[in-house]
Amino acid sequence: MIGGIVLNGGKEATEAGEFSYEISGASVEGESGSKGAGAFDALEPGQFASFDIPIAVDGATAAVVVTMTAVAGDLSDGIRMEIPVVRYQTPETIGTSGVVAGTSVVEAIYVPAGATDDGELSVTLDPSLGAGLLQGLDYLEHFPYECNEQTVSRFLPNLFTVRALQELDISDPDLERSLSYQIGIGVQQLISRQNPDGGWGYWPGQESSSFVTAYVLWGLNSADALGYPVSIDNRNRAADYLNNVFIAPSDVMDNWQLNELAFVHYVLAEMERGDAGRMSTLYDGRERLAAYGKAFSALALYAMDASDPRVQTLMDDLAGAVNLTAAGASWREETIDFMTLGSDTRSTAIALAAFTQIRPDDPILPNVVRWLMSARTAGIWATTQENAWSIIALTDYMVQTGELEADYAWQTTLNDAELGSGTFDNTNILESTTLRTAITELLREEANLLRISRDNDSGQLYYTTYLHYNLDALAVEPLDRGITVDRRFALDGATVSSAAVGDIISVTVTIVAPTDLYHVMVETPIPAGVEPVDPNLSAVSPDFYGPPELTPVDASATNWWAWTPSFTDFRDDKVTIFATYLPAGSYEYTFPVRASLPGEFRVLPVHGEMMYFPEVWGRSAGALFTVRK
């Protein structure tokens, strides 16, 4: 690994000087320690001098901290930065979740061929839903992107969790402090992004969407109701937008729009701005509603009048459509509403929320809870929507059942050797226990048997088992699971695998969508020796950076509006593009990067997926790229 120091001249000529550096977390090759110094000549304005520092990082280091100072006459400057160590690997996760309903359960775990030696097996035990939901909350809090839906999903589940704990007379100061911070930041972002018509789109500045506007409004209303004030003017403008774009159910061609209407009615009813007449017209066409649409319609009518008999009719429809399996009870939609971010898991969570509020004693509820908890991977659900709605529904269920009880001893063994043991009772009911085993300790050629046991049935014991492992990116082949992605580096129009410091390189990402795709995210890693040219910076000429469009390979294609990325995120190590809707076809997206640091760099594969339907994804092969002096 080679680090570099670059010194730039200022507005006036700089006399000769000295620099020094200190590196923590790595060793400097050829030096006795991790410190060093050097001298540089005078620099004219705009001139720069660079110095290469070969360093070595061991296999366990996650980040390197670099401190640098420079002195030239009366002038001095310094910087301290933490640089993450990214290994040339593709991370993979497999796992399962469940409930120890009897005295024990056994899981068989196989280590995939080709897995490197820096992975681990984790087993998390939760004595209650309250403890089991913390990973989902953490996932939402640290989700790396911030469209309007994700901004709401970051604080909304925390809001319901705090409300649940308050109703159970349990205090969690850390969670409450975190919630206050998230709501403060989130509300400011959302208010600043509100469109002139009162609504919100998926991304800042995008055309308003009824679904996103209703979701944001529900989040803002919920925050205000729990004591986090939000301007009533902004909320009323959003409600006015939803009323102004209302479409009569008889004029709706696509069923997903009826389900969207059901959600809008629920949000407005919660705000005490529900329209009984419009709800009735939607109820009359309820046979076209999906399971989650019926759940929202029932909740909307219930909020207007809990004794309305139509509420029970809708709940009967839901009860009759439930899918019962050995894993529990769930709802499967005949079609998935991509435009409203639907999935079977989210529909099951929304149905659970309706049953918990309207029929809290229904015997089906424990089976629905069991199915939702087992639908997690690595302690979380697949999307921000699934995490948000599952946490909201499960916290409401937790309040209704007073589930926070436990009094039992537990033991976990791996291949007949004890992995851990302990007890759960009312003193640690909100605490999870995680047991970890390095992948090097697991059997490679046969199954590893994990057994989780408990000594009595007082309370619940949820478990999540997952194996984190890595594959060498050089050995990874391109993969198509519903989307194909590839990447090409070019210089002066010719494909290249190397460039010189200072060269401007074009990176072209190719995306092939065999079918219409929704909410697409494509992450394109770039070589560590180059940096993206961000068109949002004032120093970058618009002429230098071409139009930010996904150019169709098929010149006969139409709907140019659909080919402009909804949002583009520029970071030091990658450029990520998002498209709310991408029609079937082949596309290219090109952006420039500047070569800045010499060396040979391994570039991670491109990864593309439908954000709310991650089972549709694809990746390219890795690459090698050289930057010359």
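Further up the page is the structure itself.
Scope of this entry: the structure provided in the associated data block. None of the values given here were measured: they were computed from a predicted structure. (Residues numbered from 1 in each chain as written. Predicted model: local features only at pLDDT ≥ 70, side-chain atom pairs only at ≥ 80, totals over all residues. Heavy atoms only, no water.)

### So, the sheet that holds strand E16 (residues 448–454)
Here's step 1: Here 4 strands make up an open sheet; going across it, the order is E9-E16-E13-E14 and the pairing antiparallel. The strands lining the two open edges of the sheet, one partner per strand, are strand E9 (104–109) and strand E14 (417–424). When strand polarity is set aside, the average angle formed by the axes of neighbouring strands in this sheet is 15°.
Here's step 2: Pairing of E9 with E16, which is carried by 6 bridges, proceeds in the antiparallel orientation. Its bridge partner lying in E16, Glu107 is registered against Leu450. (Pairing = 2+ DSSP bridges. Helix = DSSP H or I, 4+ residues; strand = E, 2+ residues; numbered from the N terminus. Axes fitted to C-alpha atoms, helices over the stretch in contact; angles between N-to-C directions.)

### Overview of the environment of Asp305
Here's step 1: Looking at the element boundaries, Asp305 is found in the loop between helix H9 (291–304) and helix H10 (309–320).
Here's step 2: The exposure class of Asp305 is partly exposed, given its relative accessible area of 36%.
Here's step 3: Between the alpha carbons of Asp305 and Ala276 there is a distance of 9.8 Å; along the sequence they are 29 residues apart.
Here's step 4: Of note is the side chain of Asp305, whose polar atom sits 2.7 Å from the side chain of Ser307. (Buried < 20%, exposed > 50% of the residue type's maximum accessible area, 1.4 Å probe, protein only. Polar contact = N/O pair within 3.5 Å; in protein donor to acceptor, adjacent residues only side chain to side chain.)

### Regarding H10
Here's step 1: For H10, with 12 residues, the first-to-last C-alpha span of 17 Å sits near the 16 Å given by 1.5 Å per residue.
Here's step 2: The inward-facing, buried residues of H10 abut helix H8 (276–284), H9 and helix H11 (344–358). (Expected span 1.5 Å × (residues − 1). Contact = heavy atoms within 4.5 Å.)

### Let's talk about the pattern of salt bridges
Opposite charge on two side chains makes pairing possible when the charged atoms of those side chains draw close.
Here's step 1: Tallied over the full model, the rule gives 11 salt bridges.
Here's step 2: The partner of Asp117 in a salt bridge is Arg444, and the shortest N-O contact between them spans 2.9 Å. Within this pair, whereas Asp117 is found in the loop between E9 and strand E10 (120–126), its partner Arg444 is found in the loop between strand E15 (433–438) and E16, the two being separated by 327 residues in sequence.
Here's step 3: For Asp117, a relative accessible area of 55% corresponds to the exposed category.
Here's step 4: The exposure class assigned to Arg444 is partly exposed, which follows from its relative accessible area of 32%. (Salt bridge = Lys/Arg side-chain N within 4 Å of Asp/Glu carboxyl O.)

### Let's talk about helix H6 (residues 232–244)
Here's step 1: Taking 1.5 Å per residue as the helical rise, H6 with its 13 residues ought to reach 18 Å, and the 18 Å between its terminal C-alpha atoms agrees with that figure.
Here's step 2: For H6, the complete set of buried residues consists of Asn234, Arg235, Ala238, Ala239, Tyr241 and Leu242. With its buried residues spanning 155° around the axis, H6 presents them on a single face.
Here's step 3: Among the residues of H6, the N-terminal cap falls to Ser231, whose side-chain oxygen and the backbone nitrogen of Asp233 are separated by 3.2 Å. (Arc of directions from axis to C-beta.)

### Structural notes on the nonpolar core
Here's step 1: Membership of the largest hydrophobic core comes to 156 residues, with the highest contact counts inside it found for Trp218, Phe263, Phe296 and Ile452.
Here's step 2: Excluding its chain neighbours within four sequence positions, the residues that come into contact with Ile452 are Val100, Thr103, Ser104, Val105, Val123, Leu125, Gln411, Thr412, Leu461 and Tyr463.
Here's step 3: Counting residues in each nonpolar core, the second largest holds 14 residues, with Phe19, Ile23, Met68 and Ala72 among its members. (Core = buried A, V, L, I, M, F, W, Y, C linked by side-chain atoms within 4.5 Å.)

### Details of the sheet that holds strand E7 (residues 75–84)
Here's step 1: Judged by pairing direction, the sheet is antiparallel, and its 4 strands sit side by side in the order E4-E2-E6-E7 without closing on themselves. The open sheet is flanked by strand E4 (35–40) and E7, the only strands paired with a single partner. Direction aside, the axes of adjacent strands within the sheet are offset by 15° on average.
Here's step 2: Summarising the sheet, strand E2 (residues 17–24) and strand E6 (residues 63–72) pair through 7 bridges and their orientation is antiparallel. Along E6, the bridge assignment pairs Ser24 with Val65.

### Quick word on the side chain of Asn221
Here's step 1: Inspection of the secondary structure assignment puts Asn221 in helix H5 (residues 210–225).
Here's step 2: Asn221 sits in the buried class, given a relative accessible area of 11%.
Here's step 3: Beyond its immediate sequence surroundings of up to four residues, Asn221 is in contact with Arg235 and Met271.

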